[in-house]
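Structural characterization, general
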Amino acid sequence: MAAGVTFNERMGGFLSTCEQPPVERDDFRAGQRQGSQSGGACHFEATMLMENIAAYVRDPEHLAKMSGSFHWDPVGVAEMRDGEFQLYAKNPETGIREMRYRFTFHGPDGSPLSFSGVKWMKPKMRINTWSPSTTLYSRIDRADGSTAWCGILTIGMRETMKLFRSVRPVGTSDRSEGRRAVRAFNTFFMREQLALLRQG
């Protein structure tokens, strides 16, 4: 079995119904504002799994598995299904690195819904990578592809520190291999963060 890495992440925010699919950041911000006023709070508690960290680092898509639960008043607690997470995947159209989150779950009436979120990793200033890496522009789509809800989820400093402390190896034969796996992930993460500072 190949050496891998896993970590936990919790993000929370607000969603509201959307009459049109969100396109610009302001569309998502409008959903966030409306959700905060109408009781649309939500959060997810997820575990990301990179089963083979060496292959993950080489793969330009940087695709990992995502599992956990989605907590939202209309559904209560819903299990994530078919979850995927991409860390620093480069958008070929914009050239911007992105963090992408996707999973499906059962809606209020039992019908399937799809959650998708993206962090656009282009800092407003070259020295500021914090805001882009903590802001998830989110939407929930129906099975027919139409958007039903949109808004923004965020992660604060406290939860970010918990995330980094949760990074741990999986599928390793001994502690030495585990340390190498975690080191490979940390090196990849820091390399991508430095690339953001060079991003135009």
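Residues numbered from 1 in each chain as written. Predicted model: local features only at pLDDT ≥ 70, side-chain atom pairs only at ≥ 80, totals over all residues. Heavy atoms only, no water.

Describing the nonpolar core
The cut-off we apply is this: By nonpolar core we mean a set of buried residues, namely Ala, Val, Leu, Ile, Met, Phe, Trp, Tyr and Cys, connected to one another through side-chain atoms within 4.5 Å. Partly exposed describes any residue whose relative accessible area lies between the buried limit of under 20% and the exposed limit of over 50%, with all areas from a 1.4 Å probe on protein chains only and scaled to the type maximum. Numbering of helices and strands starts at the N terminus; helices are DSSP runs of H or I of at least 4 residues and strands are runs of E of at least 2. Whether two residues are in contact is decided by their heavy atoms: any pair within 4.5 Å suffices.
If you look at the biggest cluster of nonpolar residues, it comprises 42 residues, and the most contacted ones within it are Phe44, Phe70 and Leu87. Considering each element in turn, this core owes the most residues, six residues, to helix 5 (residues 175–198). Beyond its immediate chain neighbours, meaning those up to four positions away, phenylalanine 70 contacts Leu15, Cys42, His43, Phe44, Gly76, Val77, Ala78, Phe103, Phe105, Phe115 and Ile140. Counting residues in hydrophobic clusters, the runner-up holds seven residues, among them Cys18, Trp120, Tyr137 and Cys150.

So, helix 4 (residues 157–166)
The line we're drawing: Note that the arc is computed from the directions linking the helix axis to the C-beta atoms.
Three or more residues of helix 4 are buried, namely Thr160, Leu163 and Ser166. All buried residues of helix 4 fall inside an arc of 125 degrees around its axis, so they share one side. Among the exposed residues of helix 4, those oriented more than 90 degrees off its buried face are Met157, Arg158 and Arg165.

Some details on the state of the cysteines
For clarity, the cut-off: Throughout, disulfides are identified as pairs of cysteine sulfur atoms within 2.5 Å of each other.
Inspection of the entire model under this criterion finds one disulfide. Its sulfur unpaired, cysteine 42 is 11 Å from the next cysteine sulfur, which belongs to cysteine 150.

Points about the pairing of strand 1 (residues 4–17)
Spelled out, the test is: Only when DSSP finds a minimum of two bridges between them are two strands counted as paired.
Sheet topology places strand 1 next to strand 10 (residues 168–170); three bridges connect them, and they run antiparallel. Across the sheet, threonine 6 pairs through a bridge with arginine 168, a residue of strand 10. As judged from the 10 bridges shared by strand 1 and strand 2 (residues 41–50), these two strands associate in the antiparallel manner. Bridge pairing in strand 2 links threonine 6 to leucine 49. Across six bridges, strand 1 lies against strand 9 (residues 147–154) in antiparallel orientation. Pairing of threonine 17 across the sheet is with tryptophan 149, part of strand 9.

Considering the packing of aromatic side chains
Aromatic rings considered in pairs are described by the distance between their centres and by the relative angle of their planes. The line we're drawing: A pair of aromatic rings is counted whenever rings of Phe, Tyr or Trp (Trp by its six-membered ring) have centres within 6.5 Å, and the orientation is called stacked for planes under 30 degrees apart, edge-to-face for over 60 and tilted otherwise.
Enumeration according to the criterion identifies 22 aromatic pairs in this entry. Their ring planes at 40 degrees and their centres at 5.7 Å tell us that phenylalanine 7 and phenylalanine 185 sit as a pair that is tilted. With phenylalanine 7 in strand 1 and phenylalanine 185 in helix 5, this residue pair connects regions lying 178 residues apart in the sequence.

Purely geometric numbers; function is a separate question.
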